[in-house]
Amino acid sequence: MVWDIILLIVGFVLLVKGADFFVDGSSSLAKLIGVPGFVIGLTVVAMGTSAPEAAVSVTASVQGLNEIAVSNVVGSNIMNLLVVAGICAVIKPYRIEKTLLRRDFPINVVLNIVLLAMLIFGKALNLLDGILLLVLFAGYLALVLVSAFKNREMQSEDEEIRKMSPVMSVLAIVGGLAAVIIGGQLVVNNATSIAEALGWSETFIGLTIVAIGTSLPELVTSVVAARKGESGLALGNVIGSNLFNIMLVLGLSSSISPILADDSAIINVAILLVVTALVYVACLLKKGMGRVVGGICVLSYIGYTVYLLLTTI
């Protein structure tokens, strides 16, 4: 049991640091070949923060651990909305960009409805569902990039992208990717062992411990931004990550191996939909997120965790 916990922590460290190296190496290589900084931020960095969720869910899907594959994404998205965005608002209230409120947040709500419908009517995420999610991901990415290029003059070209030599960039990419893959395997295997030893369900482990661990990149990035007075970046990071998690992570996972959905999975996706819609409405009304709403979000996550303790263990 103690060894399982140690390996679980090692897995989380490999996931987070591996994602950092992957992002740094990819960003450096992209910059070396002349890719604009804002495009790197919208693609490489955004996908890099979702790398831990992807590694865990894809590994779980391959091993047939459907509960962890789905609950990891759902749990991470709920934590991102309530804890990451909430804590940042408590540190420093922030306003939200119009594009986020008019385009990305509504897309997030609709995407949650699509995911819930897939699970209710299909009782699973199969190959066709996975392909559809990946097609939606490609379409969303194209939409964001086209919009970014149209408004290129409004984008900062002074992003702090660490330049490395081509060899070091490739080594960072390969090493980071290896760390993420190994970390994902350690997290899935040892989280499963801990769940079995304690008599806890894989759903509870996936929605809490694994979800919190894989959300560390988003939490650290957003809290650091908030402390620097850039809290507005927090919700953009959260929404982008949540969209990537559903379309890319679940799309890849279900394309590799069908993910069966039980009643608890459907309920938790429904909870995610309600949370997403409520946070959107609150942000829409205030054009941002204040300390009161942020505090309510954090308290709501505590309440959600208590609910999971009572219903899934």
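Just so it is clear, the model here is predicted, and its values are computed rather than measured.

**Here's the deal with the nonpolar core**
Then step 1. Counting residues in each nonpolar core, the largest one holds 79 residues, and the members touching the most others are Leu81, Tyr94, Phe105, Leu235, Val279, Cys283 and Met289.
Then step 2. Among the elements that line this core, the one with the most residues is helix α4 (residues 66-91), at 14 residues.
Then step 3. In this view, Leu81 contacts Gly86, Phe105, Val238, Ile239, Asn242, Leu272, Val275, Thr276, Val279 and Cys297; residues no more than four positions away in its chain are not counted.

**Some remarks on the pattern of salt bridges**
Then step 1. According to the stated counting rule, one finds two salt bridges in the structure shown.
Then step 2. The residue Asp20 makes a salt bridge to Lys17 at a minimum N-O spacing of 3.7 Å. You can see Asp20 and its partner Lys17 sitting in helix α1 (residues 2-32), three residues apart, about one turn around the helix.
Then step 3. Residue Asp20 is classed as partly exposed on the basis of its relative accessible area of 35%.

**Points about a positive patch on the surface**
Then step 1. On the surface, a cluster of positive charge is contributed by Arg95, Lys98, Arg102 and Lys287.
Then step 2. Counting through the fold element by element, Lys287 comes out in the loop between α11 (263-286) and β4 (288-289).
Then step 3. For Lys287, a relative accessible area of 41% translates into the label partly exposed.

**Side note on unusual backbone geometry**
Glycine aside, negative phi is the norm for most residues, and most peptide bonds take the trans geometry.
Then step 1. Within the chain, Lys123 stands out as a residue other than glycine whose phi angle is a positive 60°.
Then step 2. One can find Lys123 in the loop between α5 (98-122) and β2 (124-125).
Then step 3. If you check the backbone angles, Lys287 has positive phi at about 60° while not being a glycine.

**Concerning a nonpolar patch on the surface**
Then step 1. On the surface, Met1, Ile5, Ile9, Val13 and Leu198 cluster together into a nonpolar patch covering about 420 Å² of accessible area.
Then step 2. Examining the composition of the nonpolar patch, we find that three residues originate from one element, α1, more than from any other.
Then step 3. When its relative accessible area of 47% is taken as the criterion, Val13 is described as partly exposed.

**Some words on the packing of aromatic side chains**
Then step 1. A full pass over the atoms with the stated rule returns five aromatic pairs.
Then step 2. When the ring of Trp200 is compared with that of Phe204, the centres are 5.2 Å apart and the planes differ by 80°; the resulting orientation is edge-to-face.
Then step 3. Aromatic ring contacts, followed pair by pair, group Tyr301, Tyr304 and Tyr307 into a single cluster.

**Considering the packing of α4 against helix α12 (residues 291-311)**
Then step 1. In contact at an axis separation of 7 Å, α4 and α12 are set at 145° when each is read in the N-to-C sense. The handedness of the crossing between α4 and α12 comes out as left-handed. Of the residues in α12, those in contact with Ile78, Met79, Leu81, Leu82, Val83, Gly86, Ile87, Ala89, Val90 and Ile91 of α4 are Arg291, Gly294, Gly295, Cys297, Val298, Ser300, Tyr301 and Tyr304.
Then step 2. Split by residue class, the contact of α4 with α12 holds 13 nonpolar, four polar and one charged.

**Examining helix α3 (residues 51-62)**
Then step 1. Over its twelve residues, α3 extends 16 Å from the first C-alpha to the last, a length consistent with the 16 Å expected when each residue adds 1.5 Å.
Then step 2. Taking burial as the measure, the twelve residues of α3 include eleven buried ones, the bulk of the element.
Then step 3. Taken as a whole, α3 has its buried residues at Ala51, Pro52, Glu53, Ala54, Ala55, Val56, Ser57, Val58, Thr59, Ala60 and Ser61.

**Digging into the packing of α4 against helix α9 (residues 216-227)**
Then step 1. Where α4 contacts α9, the axes come no closer than 9 Å and their chain directions differ by 15°. Of the possible angle classes, the one that applies to α4 and α9 is roughly parallel. Remark: the crossing between α4 and α9 carries right-handed chirality. In this structure, α4 contributes Met79, Asn80, Val84, Ile87, Cys88 and Ile91 to the contact, and α9 contributes Glu218, Leu219, Ser222, Val223, Ala226 and Arg227.
Then step 2. Each residue belonging to the contact of α4 with α9 can be placed in one class, and the counts come to eight nonpolar, two polar and two charged.

Analysis parameters
- Throughout this description, residue numbers start from 1 for each chain and increase along the sequence as written.
- It should be noted that, the model being predicted, local features are given only for residues of pLDDT at least 70 and side-chain atom pairs only at 80 or more, the latter also being counted only at that level, while totals for whole chains, interfaces and linings use all residues.
- With hydrogens and water stripped out, all remaining heavy atoms of the structure feed into the side-chain values.
- We call a set of buried Ala, Val, Leu, Ile, Met, Phe, Trp, Tyr and Cys residues a nonpolar core when their side-chain atoms join them within 4.5 Å.
- Note on exposure labels: buried denotes an accessible area under 20% of the residue type's maximum, exposed denotes more than 50%, and partly exposed covers the range between, all computed with a 1.4 Å probe on protein chains only.
- A run of H or I in DSSP becomes a helix once it reaches four residues, and a run of E becomes a strand once it reaches two; helices and strands are each numbered from the N terminus.
- Two residues form a contact once any of their heavy atoms are found within 4.5 Å.
- Salt bridges are counted wherever a side-chain nitrogen of Lys or Arg sits within 4 Å of a carboxyl oxygen of Asp or Glu.
- Excluding any residue in a salt bridge, patches collect residues exceeding 30% relative accessible area, merging like charges within 9 Å and nonpolar Val, Leu, Ile, Met, Phe, Trp and Tyr side chains within 5 Å.
- Under the convention used here, a 1.4 Å probe and the Shrake-Rupley method define accessible areas, while residue burial counts only the protein chains that appear.
- His is not counted here, nor are the chain ends, while Lys and Arg score as positive and Asp and Glu score as negative.
- For this purpose, a charge sits on NZ of Lys, CZ of Arg, CG of Asp or CD of Glu.
- Note on aromatic pairs: the rings of Phe, Tyr and Trp (six-membered ring only in Trp) are paired at centre separations within 6.5 Å, and the planes decide the class, stacked below 30 degrees, edge-to-face beyond 60, tilted for the rest.
- An axis is simply a line fitted to the C-alpha atoms; with a helix, the fit covers only the stretch in contact. Between two such axes, the angle follows the N-to-C directions and lies from 0 to 180 degrees.
- Here is the rule for handedness: rotate from the far helix to the near one, and if that takes an anticlockwise turn smaller than a right angle the crossing is left-handed, while a clockwise turn gives right-handed.
- We call Asp, Glu, Lys and Arg charged. Ala, Val, Leu, Ile, Met, Phe, Trp, Tyr, Cys and Pro are nonpolar, and the rest, Gly among them, are polar.
- Here the expected span of a helix is defined as 1.5 Å times the quantity of residues minus one.
- Roughly parallel here means an angle under 35 degrees, roughly antiparallel means over 145, roughly perpendicular means 65 to 115, and every remaining angle is called oblique.

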